[in-house]
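Structural overview for review
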Amino acid sequence: AGAAVLACAALSACGSMGMGRPTATANLAPTAAINPNPTTGKVTFTALDHGVRVAGEVRGLTAGEHGFHIHEKGDCSAPDGTSAGGHFNPGKQDHGSVASDPHHGGDMPNIKADDQGVATVDGPVSSNVNIGKGDDFDIIGRGLIVHADPDDYTSQPTGNAGARLACAVIQKAP
């Protein structure tokens, strides 16, 4: 009976971590915005009952805050990352903080790198986006950008977050 209780508890914990829910991943690669540019990372997006959460790690940053956004195009071909377009904004809202309205679908909290240049990512994504529904609010196939500077959450249309240090295409997880 003890083993059955333990197994049940373990399954419950896994369920709360997003198992069985739609997920997507993004592998960040450096742009040519700075030279040398050691910025890399991997994050996972997980659909929750009321929105999407992003978690992972970004390395090679300067210490401090950096803008972190979903961009409209899943294209990292331009050396400076501009091929990813502007912020993902399917709801046609002003730029702002994901913690208040209005904000873009691609707005997320700044990430903060420690003295070793590592940022642990764990935060909300706009509540109006989804993973894998195939509609205008789906993040699959969109770009993900790490910026050189913090997002000020007020400057339009992008928060004055500076150069694009790393770029990824968000892909549906297998």
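For the structure itself, consult the block above.
Residues numbered from 1 in each chain as written. Predicted model: local features only at pLDDT ≥ 70, side-chain atom pairs only at ≥ 80, totals over all residues. Heavy atoms only, no water.

**Looking at the overall build of the protein**
Of the regular secondary structure elements, the protein holds 1 helix and 10 strands. For the protein, the N- to C-terminal ordering of α and β elements is α-β-β-β-β-β-β-β-β-β-β. A separation threshold of at least 6 residues defines the contact pool for the protein, and within that pool the share at least 24 residues apart is 61%. As displayed, the protein offers around 8,700 Å² of accessible surface, 54% of which is attributable to carbon and sulfur atoms. (Helix = DSSP H or I, 4+ residues; strand = E, 2+ residues; numbered from the N terminus. Contact = heavy atoms within 4.5 Å. Areas by Shrake-Rupley, 256 points an atom, 1.4 Å probe, with all protein chains shown as cover.)

**Focus: the nonpolar core**
In this structure, Phe45, Phe68, Ile70 and Leu144 are the most contacted members of the largest nonpolar core, which totals 28 residues. Looking at this core, the elements with two or more residues in it are strand S1 (23–30), strand S2 (40–48), strand S3 (51–59), strand S5 (68–71), strand S6 (111–113), strand S7 (119–125), strand S8 (143–147) and strand S9 (164–169). Residues in contact with Phe68, not counting those within four places in the same chain, are Leu28, Val43, Val54, Gly106, Met108, Pro109, Ile111, Val121, Leu144, Ile145, Val146 and His147. (Core = buried A, V, L, I, M, F, W, Y, C linked by side-chain atoms within 4.5 Å. Buried < 20%, exposed > 50% of the residue type's maximum accessible area, 1.4 Å probe, protein only.)

**Quick word on the state of the cysteines**
All told, the structure shown has 1 disulfide when counted by the stated rule. The disulfide bridge from Cys76 ends at Cys167, spanning 2.0 Å between sulfur atoms. What sets the handedness of the Cys76 and Cys167 disulfide is the S-S torsion sign, and at about -75° it is left-handed. Of this pair, Cys76 sits in the loop between S5 and S6 while Cys167 sits in strand S9, and the two are 91 residues apart along the sequence. In this structure Cys76 comes out as partly exposed when scored by relative accessible area, which is 30%. (Disulfide = S-S within 2.5 Å.)

**Digging into unusual backbone geometry**
Glycine aside, a negative phi is what most residues show, and trans is what most peptide bonds show. Geometrically, the link from Asn35 to Pro36 is a cis peptide bond, its omega value of 0° lying close to zero. Each neighbour pair has its own omega, and for Gln156 with Pro157 the value is 5°, a cis peptide bond. Position of Pro157 relative to the elements: it lies in the loop between S8 and S9. Although it is not a glycine, Lys92 adopts a positive phi angle of roughly 55°. Here Lys92 lies in the loop between S5 and S6.

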